[in-house]
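Chain by chain, the residues:
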Amino acid sequence: MSADTTSAIGPVEGPAYDVDNPAPYIEAPRKRTGRTPRATRGNFEMAAWLFMRLSGVVLVVLVLGHLLIQLFLDGGVSKIGFAFVAGRWASPFWQVWDLLMLWLAMLHGANGLRTVINDYAERPNTRLWLKGLLYTATVFTILLGTLVIFTFDPNIR
Amino acid sequence: MPAGTLYRGREGMWSWVAHRVTGVLIFFFLFVHVLDTALVRVSPEAYDEVVATYKTPIVALLEYGLVAAILFHALNGLRVIAVDFWSKGPRYQKQMLWTVVGIWVVLMAGSLYPVLGHAARELFGS
Ligand code: HEM
Ligand code: HEM
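Position numbers for residues count from 1 along each chain, tracking the sequence in the order it is written. Ligands are numbered from 1 and chains lettered from A, in the order in which they are written. Totals for whole chains, interfaces and linings use every residue, but because this is a predicted model, local features are given only for residues with pLDDT of at least 70 and side-chain atom pairs only at 80 or more, for both listing and counting. In computing side-chain values, all of the structure's heavy atoms are included and hydrogens and water are not.

If you check an unreviewed UniProt entry, chain B appears there as Succinate dehydrogenase cytochrome b-556 subunit from Streptomyces venezuelae. UniProt positions are given in the numbering used here, feature names are shortened, and annotations may be inferred rather than shown by experiment. Recorded in UniProt under Subcellular location (unreviewed entry), the annotation for chain B is "Membrane". The UniProt entry for chain B carries the following text under Cofactor (unreviewed entry): "heme".

In the annotation of an unreviewed UniProt entry, the entry for chain A reads Succinate dehydrogenase hydrophobic membrane anchor subunit, and the organism field reads Streptomyces omiyaensis. The UniProt entry for chain A carries the following comment under Subcellular location (unreviewed entry): "Membrane".

Below, the structure is given as structure tokens:
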């Protein structure tokens, strides 16, 4: 082995070795250099990862607040009925709250399920069908929930 | 189980399993929940009729389970976020998990009466 071949190990006869510099320098494996190809698939997975965390923080407030109102305060579930919903959706504040909760929880949950499908469904066909079903159900639920909030009519009868 | 498993056992794996199971359960609940809420667009009677089932003792127990799932997912979700973004997060992940479990137990005990009280009154008279 002579020092003139291009190897990852520096020239052996180069510097003098001592206690502070005991061995030739070895480049870190998979180090990013100018010649490393760029990631070409965009940053979707990274955006999804970040979205899970950002939406999670917001959902803590929205969902725990919702549960507190629906199950704990004012007699818990016993008070819920059409009149109660009419009273709440008379206020734009709770309309926006529910709308935000609907969109964030559905997208957060759907993206989480996408991960679960990727983890367990191994046959490409199974994956395709499960994801198709997931995306269909998600779009349907978000649209239906949005429509219900915007078209709610307290005098329906 | 997928080939080449990375399951390691211990707390980290079980908290991850519980986070996954609760997340999936909450998603399925939400799907049904938006459908039942949509009945307000059908008629007040249709909505009230379905909501009446939410008030029965058996469903009250399911609601307590839903609270359990959401509280765990929310608290453990905050722990996952802390592990990812707080520089000391990974080092304290185990302590944070036991903190999550502790807070969860306290909140679940505190929820017993508010969530299940009406069911107990119905079953045992008041
Ligand atoms: C058993 C517990 C629950 C009860 C009794 C309950 C009750 C209600 C009620 C009465 C409404 C009508 C609007 C309002 O009052 O704000 C509603 C709407 C809504 N709830 Fe819940 N809720 C529960 C749990 C949850 C959970 C865990 C989530 C989120 C994961 C959630 C998400 C929503 C959303 C997104 C809407 C708006 C639906 C739409 O757009 O049509 N709820 N809920
Ligand atoms: C209450 C506040 C919530 C917080 C703080 C939260 C936090 C998180 C975080 C940080 C993750 C990512 C975990 C990881 O990458 O390892 C996650 C995953 C997930 N979440 Fe949530 N979440 C919340 C509410 C919800 C709701 C309402 C749903 C259902 C509609 C849900 C369903 C899921 C699912 C299915 C996953 C994927 C689990 C997995 O891949 O193992 N989460 N959550």
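With respect to the site of ligand 2
For this purpose, a residue is taken to be near a molecule or strand whenever a single non-hydrogen atom of the residue falls within 4 Å of it. Near ligand 2, the surroundings consist of 22 residues, among which Arg53 and His108 of chain A together with His19, Arg20 and His73 of chain B are the closest. In protein, a polar contact requires one atom able to donate a hydrogen and another able to accept it; more generally it is a pair of N or O atoms within 3.5 Å, and residues adjacent in sequence count only if both atoms are side-chain atoms. One of the side-chain nitrogen or oxygen atoms of His108 of chain A is found 2.8 Å away from a nitrogen atom of ligand 2. Under the scheme used here, helices are H or I runs from DSSP no shorter than 4 residues and strands are E runs no shorter than 2 residues, and both carry numbers assigned from the N terminus. Only α1 (44-72) and α3 (92-120) of chain A together with α1 (10-37) and α3 (57-85) of chain B provide two or more residues apiece to the shell around ligand 2. The dominant element in the shell around ligand 2, judged by the number of residues it contributes, is α1 of chain B, at seven residues.

Quick look at the coordination of the iron atom of ligand 2
Listed as protein donors to the iron atom of ligand 2 are His108 of chain A (NE2) and His73 of chain B (NE2); their distances from the metal cover 2.0 to 2.1 Å. For the exposure calls, accessible area comes from a 1.4 Å probe over protein chains only, and a residue counts as buried if that area is under 20% of its type's maximum, exposed if over 50%, partly exposed in between. Residue class for His108 of chain A comes out buried when judged on its relative accessible area of 14%. The class of His73 of chain B is buried, set by a relative accessible area of 16%. Coordinating donors are taken as N, O and S atoms within 2.8 Å of the metal, stretched to 3.2 Å for Na, K and Ca; because water is absent from the atoms, sites can appear incomplete.

Brief notes about helix α2 (residues 44-54) of chain B
Here α2 of chain B has its buried residues at Pro44, Ala46, Tyr47, Val51 and Tyr54 of chain B. Across the axial projection of α2 of chain B, the buried residues extend over an arc of 165°, all falling on one side. We call two residues in contact whenever any of their non-hydrogen atoms come within 4.5 Å of each other. Tucked inside the fold, the buried residues of α2 of chain B contact α2 (82-88) of chain A together with α1 and α3 of chain B. The arc under discussion is defined with respect to the helix axis, by the directions toward the C-beta atoms.

Quick notes on the coordination of the iron atom of ligand 1
Every protein donor of the iron atom of ligand 1 is accounted for by His66 of chain A (NE2) and His33 of chain B (NE2), and the metal-donor separations fall at 2.0 Å. Between 85 and 135 degrees for all angles marks four donors as tetrahedral; over 155 degrees for opposite donors together with 65 to 115 for all other angles marks four donors as square planar and six as octahedral; every other arrangement is irregular. Classification of the site at the iron atom of ligand 1 as octahedral follows from its six donor atoms and the range of 84 to 179° in their angles at the metal. One end of the pair, His66 of chain A, is in helix α1; the other, His33 of chain B, is in helix α1, on a second chain. Overall, His33 of chain B belongs to the partly exposed group, its relative accessible area being 22%.

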